Amino acid sequence: MSNQKLFNVAVVGATGAVGEQIIRLLQERNFPINELKLLSSARSAGSKLTFKGKEIVVQEAGPDSFEGVDIALFSAGGDVSRALVPEAVKRGTICIDNTSAFRMDPETPLVVPEVNIDKINENKGVIANPNCSTIQMVQTLKPLYDRYGISRIIVSTYQAVSGAGARAIDEMLRQSGEVLAGRTAQPQILPVSSLPVKHQIAFNAIPQIDKFVDNGFTYEEMKMINETKKILGDESLEVTATCVRIPVVYGHSESVYVELKQDFEVEEVKRLLSEAPGLVLVDNPAEQQYPLATEAAGKLDTFVGRVRRDLSNPRALNLWIVSDNLLKGAAWNAVQIAEYIAIEQQ
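Draft legend 1. Highlighting the overall build of the protein chain. Counting secondary structure elements, the protein chain contains nine helices and 14 strands. The C-alpha radius of gyration computed for the protein chain amounts to 20 Å, which stays within 12% of the reference 20 Å derived for 346 residues, consistent with globular compactness. Expressed along its principal axes, the backbone C-alpha trace of the protein chain runs to roughly 60 × 55 × 40 Å. Counting all 346 residues of the protein chain, 53% fall into the buried class. Expressed as a percentage of contacts within the protein chain between residues at least 6 apart in sequence, the contacts between residues at least 24 apart total 65%. With the model as given, the accessible surface of the protein chain reaches about 15200 Å², and the carbon-plus-sulfur share is 48%.

Draft legend 2. Geometry of helix α5 (residues 166–180). Spanning 15 residues, α5 covers 21 Å between terminal C-alpha atoms, matching the ideal 21 Å at 1.5 Å per step. Every buried residue of α5 is listed here: A168, I169, E171, M172, Q175, S176 and E178. Looking at the residues trailing α5, positive phi occurs at G182, about 85°.

Draft legend 3. Highlighting the sheet that holds strand β8 (residues 126–128). Pairing in this open sheet of six strands is parallel, and the strands run β5-β2-β1-β6-β7-β8 from one edge to the other. Of all strands in the sheet, those with a lone pairing partner are β5 (59–60) and β8, marking the two edges. As paired strands, strand β7 (residues 94–97) and β8 are joined by three bridges and run parallel to one another. Residue pairing across strands places D97 opposite A128, the latter belonging to β8. Its contacts with the sheet place helix α2 (residues 78–90) against β1 (7–12), β6 (71–74), β7 and β8, and it is angled at close to 160° to β7.

Draft legend 4. Broad picture of the nonpolar core. Core analysis: the largest hydrophobic core is formed by 40 residues, its most contacted members being L144, I153 and L319. Counting only elements with at least two residues in this core, the list comes to α4 (132–148), β9 (150–159), α6 (219–232), β10 (238–245), β11 (252–260), α7 (266–275), β13 (302–309) and β14 (316–323). Residue contributions to this core peak at seven residues, all from α4. Excluding residues that lie within four positions of it along the chain, L144 makes contacts with G149, L260, V269, L272, L273, L317 and L319.

Draft legend 5. Structural detail: the environment of L6. Position of L6 relative to the elements: it lies in the segment before β1. Judged by its relative accessible area of 47%, L6 is partly exposed. With 225 residues separating them along the chain, L6 and I231 place their C-alpha atoms 30 Å apart. Once residues within four sequence positions are removed from consideration, L6 is found in contact with P32, I33, N34 and D70.

About the thresholds
- Residues numbered from 1 in each chain as written.
- Predicted model: local features only at pLDDT ≥ 70, side-chain atom pairs only at ≥ 80, totals over all residues.
- Heavy atoms only, no water.
- Helix = DSSP H or I, 4+ residues; strand = E, 2+ residues; numbered from the N terminus.
- Rg over C-alpha atoms; globule rule 2.2 N^0.38 Å.
- Buried < 20%, exposed > 50% of the residue type's maximum accessible area, 1.4 Å probe, protein only.
- Contact = heavy atoms within 4.5 Å.
- Areas by Shrake-Rupley, 256 points an atom, 1.4 Å probe, with all protein chains shown as cover.
- Expected span 1.5 Å × (residues − 1).
- Pairing = 2+ DSSP bridges.
- Axes fitted to C-alpha atoms, helices over the stretch in contact; angles between N-to-C directions.
- Core = buried A, V, L, I, M, F, W, Y, C linked by side-chain atoms within 4.5 Å.

See the structure below:
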């Protein structure tokens, strides 16, 4: 991205897991930056991070932090975004928000670049990054939606603990040691740190991510349901989800059942998936080759495999989708949006 206009960029939540990945990607992608501001809560302010060999002091985020900032990437929690995004927009900043604060706002585009890049131009100062588990699913289903149409999606997720933050990773590793040493695991964070009941994550699967709503689903499940319809622009889609936390550090895995509106050939489906941007087809059962969280970790692509026609419904497919939840599921999707904005403003 050389010979381009340079941008003043802010990263809000710079010391968090996603913020660190955003900073790394901005550096590796050589994003055209004039000045980089690293912002955080008061607790982390004063710490120092390195960008392109230069030490930058992390500042406490406040309304005035966005004076002169062209693009701000937010990943510091919904409350921070609700408080500061409007202040940034007032000051002329385009905000890419990685929280749930604005995703379902009708005025805010909800964008996966490989799916609906055109929506970026409809922004009124805010572009929302979808939920991590939604991103990899809609990215995979988009070529099938365009070719055949989709009527129904049933997804079960197997989500990494990094989706709940660095403390959840530490808890899983600590509990694993406790169990292997013959001691009782001491849960303190998962499934939801703000709720009173905690469950062991080591050697376990917890069928709860986020709090429950009145219909028996969790907020995480409802995010997948509602965001999928918004991103694909189809309120008639029937979507249901069950989201499960498993003891994996990085990489969300998903089992997806999808009903198509037209007949299909499995080989054509595989070809469409293999040719889609940002997707890698790993599908060779004879050689036991399929997407794995351990192999997706650290990579920008989304991986799909186990592609097969459903046995009970000839117009339905079963898929296995894996992606690094901190990268394509968060930081990389946000940086892709920022790159598009930078290109558009040349």
